[in-house]
Amino acid sequence: MEAMSNTVKGWMENPVKFARSHGVTLSSSPDVANLDEQIHILIVEGFLLYNDPQLLDVYDKCYYITIPYEECKKRRSNRQYTVPDPPGLFDGHVWPMYLKHRREMEDSSLSIEYLDGLKSKEDIYNHVYEDIQNNLLNRL
């Protein structure tokens, strides 16, 4: 988590320099010739991100996809792992740890938008994409 925190903060200091130093090609907008004047977006993904105190102050928008116990257990049991889960792992560890970390996240000071994980990936993507676009338009 410390390495990821340092990476995120390095990007925040200078997104253009960071991208170039990591071999990322930046596309330029026809409206803004100078890359430093463009809007740069970093998406950070992970289920424990909102529990790390090193990162709590860097987020502009927070989304959290939720699914009920039954669906989560079904999806986990349908995954093909190289080493399969031992019996009882989901109920004895995975789900209780999810609940623990979710409570910690909910107790943080972050404003988190909860998304329904039962919706299609396309619906979730479209909702987040539209929300980010609206957020950017409202800043101009």
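Preceding this section is the structure that the text describes.
Rules of the game
Residues numbered from 1 in each chain as written. Predicted model: local features only at pLDDT ≥ 70, side-chain atom pairs only at ≥ 80, totals over all residues. Heavy atoms only, no water. Helix = DSSP H or I, 4+ residues; strand = E, 2+ residues; numbered from the N terminus. Rg over C-alpha atoms; globule rule 2.2 N^0.38 Å. Contact = heavy atoms within 4.5 Å. Patch = residues over 30% accessible without salt bridge, like charges linked within 9 Å, V, L, I, M, F, W, Y side chains within 5 Å. Areas by Shrake-Rupley, 256 points an atom, 1.4 Å probe, with all protein chains shown as cover. Salt bridge = Lys/Arg side-chain N within 4 Å of Asp/Glu carboxyl O. Expected span 1.5 Å × (residues − 1). 1 Å grid on protein atoms, 1.4 Å probe; cavity = no way out; pocket = protein on both sides within 12 Å on 5 of 7 lines; lining within 4 Å. Points joined across faces, edges and corners; volume = space filled by probe spheres on them. Buried < 20%, exposed > 50% of the residue type's maximum accessible area, 1.4 Å probe, protein only. Lys, Arg positive; Asp, Glu negative; His and termini not counted. Core = buried A, V, L, I, M, F, W, Y, C linked by side-chain atoms within 4.5 Å. Axes fitted to C-alpha atoms, helices over the stretch in contact; angles between N-to-C directions. Left-handed = near helix turned anticlockwise from the far one by under 90°. Nonpolar A, V, L, I, M, F, W, Y, C, P; charged D, E, K, R; others polar.

## Describing the overall build of the protein chain
Part 1: In terms of helices and strands, the protein chain carries 5 helices and 2 strands.
Part 2: When the elements of the protein chain are put in sequence order from the N terminus, they spell out α-α-β-α-α-β-α.
Part 3: In terms of overall dimensions, the protein chain is more spread out than a globule: its C-alpha atoms have a radius of gyration of 18 Å, far above the 14 Å expected for 140 residues.
Part 4: By principal-axis analysis of the C-alpha atoms, the protein chain measures approximately 55 × 35 × 30 Å.

## Side note on the environment of Thr66
Part 1: Here Thr66 shows up in strand S1 (residues 63-66).
Part 2: The spacing of Thr66 and Arg102 is 36 residues in sequence and 9.9 Å in space, taken between C-alpha atoms.
Part 3: Leave out the neighbours within four places in its chain, and Thr66 touches Tyr98, Arg102, Tyr114, Leu115, Asp116, Gly117 and Leu118.

## Comments concerning a nonpolar patch on the surface
Part 1: Taken together, the side chains of Ile39, Ile41 and Ile43 make up a nonpolar region of the molecular surface, amounting to roughly 330 Å² of accessible area.
Part 2: Relative to the helices and strands, Ile39 resides in the loop between helix H2 (15-21) and S1.

## A closer look at helix H1 (residues 2-13)
Part 1: The terminal C-alpha atoms of H1, which comprises 12 residues, lie 17 Å apart, in line with the 16 Å expected from a rise of 1.5 Å per residue.
Part 2: Turning to H1, the residues buried within the fold contact H2.

## As for the layout of surface pockets
Part 1: Its boundaries defined by the atoms lining it, the largest pocket holds a volume of some 1900 Å³.
Part 2: Forming the walls of the largest pocket are 47 residues, and the residues nearest its centre are Val44, Glu45, Gly46, Tyr50 and Tyr63.
Part 3: Here the lining of the largest pocket gets 9 residues from one element, more than from any other, and that element is helix H5 (residues 121-139).

## Structural notes on the environment of Trp11
Part 1: In this structure, Trp11 sits in helix H1.
Part 2: Expressed as a C-alpha distance, the spacing of Trp11 and Pro68, which sit 57 residues apart in the sequence, is 35 Å.

## Description of the side chain of Asp52
Part 1: When you line up the elements, Asp52 lands in the loop between H2 and S1.
Part 2: Salt bridges are absent for the buried Asp52, whose nearest opposite-charge side chain, Lys9, sits at 7.9 Å.

## Side note on the pattern of salt bridges
If charged atoms from side chains of opposite charge come close, those side chains can pair.
Part 1: In total, this model carries 8 salt bridges according to the counting rule given.
Part 2: Linking Glu71 and Arg75 is a salt bridge whose minimum nitrogen-to-oxygen distance equals 2.8 Å. With Glu71 and Arg75 both in helix H3 (residues 69-78), this residue pair falls 4 residues apart, about one helical turn.
Part 3: Since its relative accessible area comes to 18%, Glu71 is described here as buried.
Part 4: Bridged by salt links that share partners, the residues Glu71, Lys74 and Arg75 form one connected network.

## Examining the nonpolar core
Part 1: Core analysis: the largest hydrophobic core is formed by 16 residues, its most contacted members being Tyr50, Leu55, Tyr59, Cys62, Tyr64, Leu110 and Ile112.
Part 2: Among the elements that take part in this core, helix H4 (residues 89-106) stands out by supplying 4 residues, more than any other.

## Topic: the packing of H3 against H4
Part 1: Two numbers describe how H3 lies on H4: the axes approach to 12 Å, and their chain directions differ by 115°. Note that H3 runs across H4; the crossing there is right-handed. Within the contact between the two elements, H3 uses Tyr69, Cys72, Lys73 and Arg76 and H4 uses Leu89, Phe90, Asp91, Val94 and Trp95.
Part 2: By residue class, the composition of the contact of H3 with H4 is 6 nonpolar, no polar and 3 charged.

Interpretation note: all reported values are geometric properties and have no functional meaning in isolation.
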